[in-house]
Amino acid sequence: MASKITSVDAGSPAARAGILAGETLIQIDGVAIRDVLDYKFYSYDAHLSLQVLGQDGETVRTVRVRKQEGEPLGLNFEHYLMDKMKQCSNRCVFCFIDQLPRGMRKTLYVKDDDARMSFLMGNYISLTNLSDADVDRILRMHISPVNVSVQTTNPALRVKMLRNPRAGESLAIMDRFAAGGITMNCQLVVCKGLNDGAELRRSLEDLKKLYPAVNTISVVPFGMTRHREGLYPLEPTDREAAAAILDIVEPFAAQCYQELGTRLVWCGDELYLKAGRPLPDTDYYEEFTQFENGIGMLPLFMEEFRLALPDYAGRRARPFTIATGAAAAPSMARLLDEAAAKCDNLNGKVVEIRNDFFGPLVSVAGLITGQDLIAQLRGRDLGARVLISANMLRDGGDVFLDDYTPQQVSDAIGVPVVPVEIDGADLLAKIFED
């Protein structure tokens, strides 16, 4: 698929070679460029021959490019993937998107299941829409790592959970990846009564057999909103269910550590919080490979806060409020108590925001909406500003999930809303910001 060039980076190899915005990239070294993976793979070498279609849409010319090996060409295209995104063909019983209320912005309802997004952006894919040609291409290009949403290694159960007849047979792709040296980070979204218990044990044992190709495994609970009308009847992950998952995973991880030198599998922070159990120390999480999946995020945040705290001893801060979800609120309160013991007259508090938009079973900060912040903070003494987690906002920090902007929330509650990165040191910096 030919890709129109929207801009050329100044001073880049492509700019030096005279390639222009408005032209269309057709081939590199005689290979048709279909998408971003082809572009990145075939543009790696130092000496390239590009075929481009001129701005007039008719003239085809060949452009020679010289650059450093691995240096980016400097071309930008209409679409990041240079192709259409592959949509998800599953109807997973636990799908969070199916549990969104109507009327939200269209992009929130997009279900991608694209291997290119897995490699480039860290998205998880189910493998169900990969053709043999797709698999061969990944192996040929050695695209690694690939993040795989496994859920279960029981083929029949996987068909049931993903509601896709290909869900069971597509597990064999993992064997092909392992044989081809492709690294995989795997995810098990556990649903009570389906893939927990004996099925969870089976999945862990099966994935362990693929080590080291299977590099890490995360075990997380499915998220249940209040918008499940007409959907598969699932039970929420309660305290007992969370504890049962931990009781399976932690001994298995300890055994892996003895045998393999790595724990291989980790549970999401949410499971510890739901079970009422202490979070492990940061050393437990090794390389934090699945940090973005909520694995070790809160322990690392707390450690970063504590390491940075001595730098603020004795300093004063303007009054503030931290607004967060039910899951993190107790931990944030403990951190403020520790800070108050080292800093003079620290005037801050934590307000736990109940998730009325998605329902009370959703307790993570990243799913708090602007309207819930307004409803529960308006009219309260909030100090000089309200600190929120930056992951409440869309990439770019401009809008909440419900399309409210930080400025709208600020106007409604009467004080500035200040996003804080997922970094304990950044929380301290924002607390003591002038």
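Note that this is a predicted model, so its numbers are computed, not measured.

S.K.: Now, about the side chain of T282: what can you tell me, with residues and values included?
M.R.: Along the chain, T282 turns up in the loop between helix 9 (269-275) and helix 10 (297-308). For T282, the side chain forms a polar contact with the side chain of E303, separated by 2.5 Å. Dropping the residues within four chain positions of it, T282 is found in contact with F288, P299, L300 and E303.

S.K.: Hey, could you go over the sheet that holds strand 11 (residues 320-324) for me, with residue numbers and the actual values?
M.R.: Strand pairing within a sheet occurs via backbone hydrogen bonds; the two strands may be parallel or antiparallel. With parallel pairing, the four strands of this open sheet are ordered in space as 12-11-13-14. Strands at the two margins of the open sheet, each flanked by one partner only, are strand 12 (348-352) and strand 14 (417-420). For this sheet, the mean inter-axis angle between neighbouring strands, taken without regard to orientation, is 30°. The sheet contacts of helix 11 (residues 329-342) involve strand 11 and strand 12, and relative to strand 12 the element is tilted by about 175°.

S.K.: How would you explain the pairing of strand 13 (residues 385-389) if you had to name every residue and give the values?
M.R.: The element strand 13 is largely enclosed, with a buried count of five among its five residues. A two-sided burial pattern is seen for strand 13, the buried positions comprising R385, L387 and S389 on one face and V386 and I388 on the other. In this sheet, strand 13 lies alongside strand 11 in parallel orientation, the contact comprising three bridges. Within the sheet, the bridge partner assigned to T321 lies in strand 13 and is V386. Relative to strand 14, strand 13 runs parallel, the two being bridged by four bridges. Its bridge partner lying in strand 14, S389 is registered against V420. A crossover links strand 13 with its parallel partner strand 14, the connecting element being helix 13 (residues 406-413), and its sense is right-handed.

S.K.: Give a description of the packing of helix 10 against helix 11 that names residues and reports values.
M.R.: As a packed pair, helix 10 and helix 11 sit with axes 11 Å apart at the nearest point and diverge in direction by 10°. With respect to their mutual orientation, helix 10 and helix 11 come out roughly parallel. In contact with L298, F301, M302, F305 and R306 of helix 10, helix 11 contributes S331, M332, R334, L335, E338 and A339. Within the contact of helix 10 with helix 11, the residues separate by chemical class into seven nonpolar, one polar and three charged.

S.K.: So what's going on with the side chain of K430? Residues and values would help.
M.R.: Along the chain, K430 turns up in helix 14 (residues 424-431). Setting aside anything within four residues of it in sequence, one finds K430 in contact with R385, L387, V418, P419 and V420.

S.K.: Can you lay out the sheet that holds strand 7 (residues 146-149) for me, pointing to particular residues and giving the numbers?
M.R.: Overall, parallel pairing links the four strands, which are arranged 7-8-9-10 in an open sheet. Two strands close off the open sheet at either side, each with one partner strand: strand 7 and strand 10 (265-267). Averaged over neighbouring strand pairs, the angle between their axes works out to 20° when direction is ignored. Note: strand 7 against strand 8 (residues 184-190), four bridges, orientation parallel. By the bridge assignment for strand 8, V148 is matched with C186. Across the sheet, helix 7 (residues 197-208) touches strand 8, strand 9 (214-221) and strand 10, and the angle it forms with strand 8 is around 175°.

S.K.: Describe the packing of helix 10 against helix 14, naming the residues involved and giving the relevant values.
M.R.: For the pair helix 10 and helix 14, interaxial distance at closest approach is 6 Å and the crossing angle is 50°. What the angle tells us is that helix 10 and helix 14 run oblique. Packed against helix 10, whose contacting residues are F301, E304, F305 and A308, the element helix 14 presents G424, A425, L427, L428 and I431 at the interface. Here the residues of the contact of helix 10 with helix 14 are counted per class, giving seven nonpolar, one polar and one charged.

How each quantity is defined
Residues numbered from 1 in each chain as written. Predicted model: local features only at pLDDT ≥ 70, side-chain atom pairs only at ≥ 80, totals over all residues. Heavy atoms only, no water. Helix = DSSP H or I, 4+ residues; strand = E, 2+ residues; numbered from the N terminus. Polar contact = N/O pair within 3.5 Å; in protein donor to acceptor, adjacent residues only side chain to side chain. Contact = heavy atoms within 4.5 Å. Pairing = 2+ DSSP bridges. Axes fitted to C-alpha atoms, helices over the stretch in contact; angles between N-to-C directions. Buried < 20%, exposed > 50% of the residue type's maximum accessible area, 1.4 Å probe, protein only. Right-handed = clockwise from strand over helix to strand, strands pointing away. Parallel < 35°, antiparallel > 145°, perpendicular 65-115°, else oblique. Nonpolar A, V, L, I, M, F, W, Y, C, P; charged D, E, K, R; others polar.

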